[in-house]
Amino acid sequence: MTADGKPKPLLAIIELGGYPDFRPVYERAGYLPQVVMSVRKAMAEIRRSAPAAVVCEFNFQSDFRDRTSTLESLLAAISHQPETRVIVFYDREHAHHLERLKARFPLHAVLPYPIDVVELERVLSIGQ
């Protein structure tokens, strides 16, 4: 929640999904979630507003020569908004690729699939 009691904006990016709708979790943590279905749409939204938090998926793409996923473009855009906290969902089998991303960009938290709701609530509440 903000100082005036309003929920903070949260941008959830669901490209592949395959997990429950976490909007109720985000709301319980004091956020007003907005869901988009692509990094391209997320980039446009980030330019329009500065979300307090971004929840996204790390989808490793081996066919990219110079990067690991479209998430890198998103994180570069968010780096201009250092107050935005980024939470990344990932497959354990791609953890070593995610490490390269973590070395370049600050991430608030990374959570492996299947997502533990209690852990998600905990990381959403850190620093509020």
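What counts, and at which threshold
- Residues numbered from 1 in each chain as written.
- Predicted model: local features only at pLDDT ≥ 70, side-chain atom pairs only at ≥ 80, totals over all residues.
- Heavy atoms only, no water.
- Buried < 20%, exposed > 50% of the residue type's maximum accessible area, 1.4 Å probe, protein only.
- Helix = DSSP H or I, 4+ residues; strand = E, 2+ residues; numbered from the N terminus.
- Arc of directions from axis to C-beta.
- Contact = heavy atoms within 4.5 Å.
- Salt bridge = Lys/Arg side-chain N within 4 Å of Asp/Glu carboxyl O.
- Core = buried A, V, L, I, M, F, W, Y, C linked by side-chain atoms within 4.5 Å.

Trainee: What is the right way to look at helix H4 (residues 95-104) in this model?
Mentor: Structurally, the α-helix is built with 3.6 residues per turn, so residues lying three or four positions apart point the same way. Listed in full, the buried residues belonging to H4 are His 97, Leu 98 and Leu 101. The arc that holds every buried residue of H4, seen down its axis, measures 100°, which confines them to one face. Within H4, the exposed residues directed more than 90 degrees away from the buried face are His 96 and Ala 103. Along its buried surface, H4 packs onto strand S3 (53-58), helix H3 (71-78), strand S4 (85-90) and strand S5 (109-112).

Trainee: I'm lost on the pattern of salt bridges in this one. Help?
Mentor: When their charged atoms lie close together, side chains carrying opposite charge are able to pair. Per the stated rule, a full pass over the model turns up six salt bridges. In this structure, Arg 28 engages Glu 121 in a salt bridge whose closest nitrogen and oxygen atoms are separated by 2.6 Å. Within this pair, whereas Arg 28 is found in helix H1 (residues 23-28), its partner Glu 121 is found in helix H5 (residues 117-125), the two being separated by 93 residues in sequence. A relative accessible area of 57% places Arg 28 in the exposed class. Residue classification places Glu 121 among the partly exposed positions, given a relative accessible area of 27%. Of the charged contacts, one joins Glu 99 and Lys 102 as a salt bridge, the two residues approaching to 3.2 Å between their closest N and O atoms.

Trainee: Can you help me understand the nonpolar core in this one?
Mentor: Burial of nonpolar side chains together is a common tendency in soluble globular proteins. Membership of the largest hydrophobic core comes to 20 residues, with the highest contact counts inside it found for Ile 13, Val 54, Cys 56, Leu 71 and Leu 74. When near neighbours in sequence (up to four residues on either side) are disregarded, Leu 71 contacts Cys 56, Glu 57, Phe 58, Val 88 and Leu 101. Counting 19 residues, the second largest nonpolar core, distinct from the first, contains Leu 10, Tyr 31, Val 55 and Phe 89.

Trainee: What is the right way to read the environment of Ala 95 from this model?
Mentor: By the element assignment, Ala 95 lies in helix H4. Given the relative accessible area of 25%, Ala 95 is considered partly exposed. Distance from Ala 95 to Val 110, taken between C-alpha atoms, is 9.7 Å for residues 15 residues apart in sequence.

Keep in mind these numbers describe shape, not what the thing actually does.
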